[in-house]
Every structure is written in structure tokens, then in C-alpha cells.
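Coordinate inspection notes
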Amino acid sequence: MNHIRIATGDRSNLMSTVYIPALAAFGGSAVGAVSTIISGWFSGRRRRRELHHARSFSKREQLYHSFIEEASRLYADALVNDQAEIPQLVSLYTLVGRMRILSSNEVVQAAERAGHLIIETYVSPNRTFVDLPKFIEEMDPLRDFGEACRRELMNIPAR
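Residues numbered from 1 in each chain as written. Predicted model: local features only at pLDDT ≥ 70, side-chain atom pairs only at ≥ 80, totals over all residues. Heavy atoms only, no water.

Observations regarding the overall build of the chain
When you go through the chain residue by residue, the secondary structure sums to four helices and zero strands. Across the chain, helices and strands are ordered from the amino to the carboxyl terminus as α-α-α-α. Going through the 159 residues of the chain one by one, you find that 25% of them count as buried. Sequence separation of at least 24 residues holds for 75% of the intrachain contacts in the chain that already meet a minimum separation of 6. As displayed, the chain offers around 11500 Å² of accessible surface, 60% of which is attributable to carbon and sulfur atoms. (Helix = DSSP H or I, 4+ residues; strand = E, 2+ residues; numbered from the N terminus. Buried < 20%, exposed > 50% of the residue type's maximum accessible area, 1.4 Å probe, protein only. Contact = heavy atoms within 4.5 Å. Areas by Shrake-Rupley, 256 points an atom, 1.4 Å probe, with all protein chains shown as cover.)

See below:
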């Protein structure tokens, strides 16, 4: 019989030449799979952050828009009326309260100043068109608020 005998030293060389490439292929596949999973996790996390940023920006923008509309209407009413619209003032301060949760201190303080100016305007004498040149600087009670909002929205980190 013509059997070939493999010596023990030769057998370990044969095993090495069979298993090493197999282990290398398995290791490469495992590393590829793990890197794909990690990459997917990071990109999903980034998408969630971007979505959160967009929602936060939109929420603030809508809140500031509502405040500007309500404050402008109340200020115009305060210029020509002595009687404050209490429910609308409460509505205005509800918006300020929401800003305390979402906004910077600068924006909240500017909103509070605008609210105080509206109240002061209600208790001051009514204005007429003839009075316009005297209080032209007061005509934009929301300038500081708008600038604070713009600064805040421009500085929200994109993440």
C-alpha cells in the first residue's frame, strides 16, 4: 500500500495553511460587519440630532412669531386705548413663560421688557397721529426682542 504518512511537524504546517486563511477571512467579515453596524449607529444618531435641531429651531421660530404678532397688536391697542385687554396680556405672558423653557435669558429679558413697555403704554396718555414725532423711537418696541431672537437662532449649534 502506498500510503503517504505525514509527519507530526508536517501536519501542523498543513493545519496552519488551512486554518489561518479561514480565520483571516472570518475575522475580516466580522470586522466588516461590526464597522457597518457602528457606522449605521453613528449616522442614525446624527440624523436624530439634525432632526432635533430642526424641530427646536422651528419651535422657537414659531414661538417668536406668535409673540411678535401678539405684542404688536397689543402695543398698537395700548397707544390709543386706556383699558388693557387683560386676557390678551395674559396670553402674551404665556408666550413669555414658554420662552423661559426654550430660549436664552437674553430673549426672555427682551420679551419681558416689551411686555412692560406695553403695560406702561396702556397706563400712559393715549397717542394721536400728531404725537408721532415725539415718540418715534418708541415705535418699534420689539426691536431688541427681534435682534435677540435673531442672534439666538443664528447661534443654535448645528450639531
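Some thoughts on the environment of Y93
Secondary-structure assignment places Y93 in helix α2 (residues 86–102). Assessed through its relative accessible area of 27%, Y93 is described here as partly exposed. Put simply, Y93 and G115 are 22 residues apart on the chain and 7.6 Å apart in space, counted from C-alpha to C-alpha. Every residue in contact with Y93, bar those within four places of it in the chain, is listed here: E112, G115, H116 and I119.

Quick notes on the pattern of salt bridges
Overall, the coordinates contain four salt bridges when judged by the stated rule. Across the pair R60 and E152 runs a salt bridge whose closest N-O atoms are separated by 3.4 Å. Of the two residues, R60 is situated in helix α1 (residues 8–80) and E152 in helix α4 (residues 143–154); the sequence distance between them amounts to 92 residues. One salt bridge in this structure joins E112 and R100, with 2.4 Å as the shortest N-O distance. A residue pair is termed long-range when its members are at least 10 positions apart, and E112 in helix α3 (residues 105–123) and R100 in helix α2 qualify at twelve residues. Residue classification places E112 among the partly exposed residues on the basis of a relative accessible area of 22%. (Salt bridge = Lys/Arg side-chain N within 4 Å of Asp/Glu carboxyl O.)

With respect to the nonpolar core
If you look at the biggest cluster of nonpolar residues, it comprises 26 residues, and the most contacted ones within it are Y64, F67, M99, V107, I118 and F145. For this core, the elements supplying multiple residues, two or more each, are α1, α2, α3 and α4. The greatest single-element share of this core, amounting to eight residues, is contributed by α1. Residue contacts for F67: discarding those within four places in its chain leaves L92, L95, V96, M99, A111, A114, L142 and F145. (Core = buried A, V, L, I, M, F, W, Y, C linked by side-chain atoms within 4.5 Å.)

Observations regarding the packing of aromatic side chains
In the structure shown here, the tally under the stated rule is two aromatic pairs. Taking 5.8 Å as the distance between ring centres and 85° as the angle between the ring planes, the aromatic pair formed by Y64 and F145 counts as edge-to-face. Taken as a pair, Y64 in helix α1 and F145 in helix α4 lie far apart in primary sequence, 81 residues in all. Take Y64 and F145: they sit in the same class, and that class is buried. Judged by centre distance (4.6 Å) and plane angle (45°), the ring pair of F67 and F145 falls under tilted. Of the two residues, F67 sits in helix α1 while F145 sits in helix α4, which places them 78 residues apart along the sequence. (Phe/Tyr/Trp six-rings, centres within 6.5 Å; stacked < 30°, edge-to-face > 60°.)

Here's the deal with α2
Between its first and last C-alpha atoms α2 spans 25 Å; for 17 residues at 1.5 Å apiece the expected length is 24 Å, and the two agree. All buried positions along α2 are accounted for by L89, L92, L95, V96 and M99. Along α2, the residues classed as buried sweep out an arc of 115° about the axis, all on the same side. Facing away from the buried side of α2, by more than 90 degrees, are the exposed residues I86, P87, V90 and I101. (Expected span 1.5 Å × (residues − 1). Arc of directions from axis to C-beta.)

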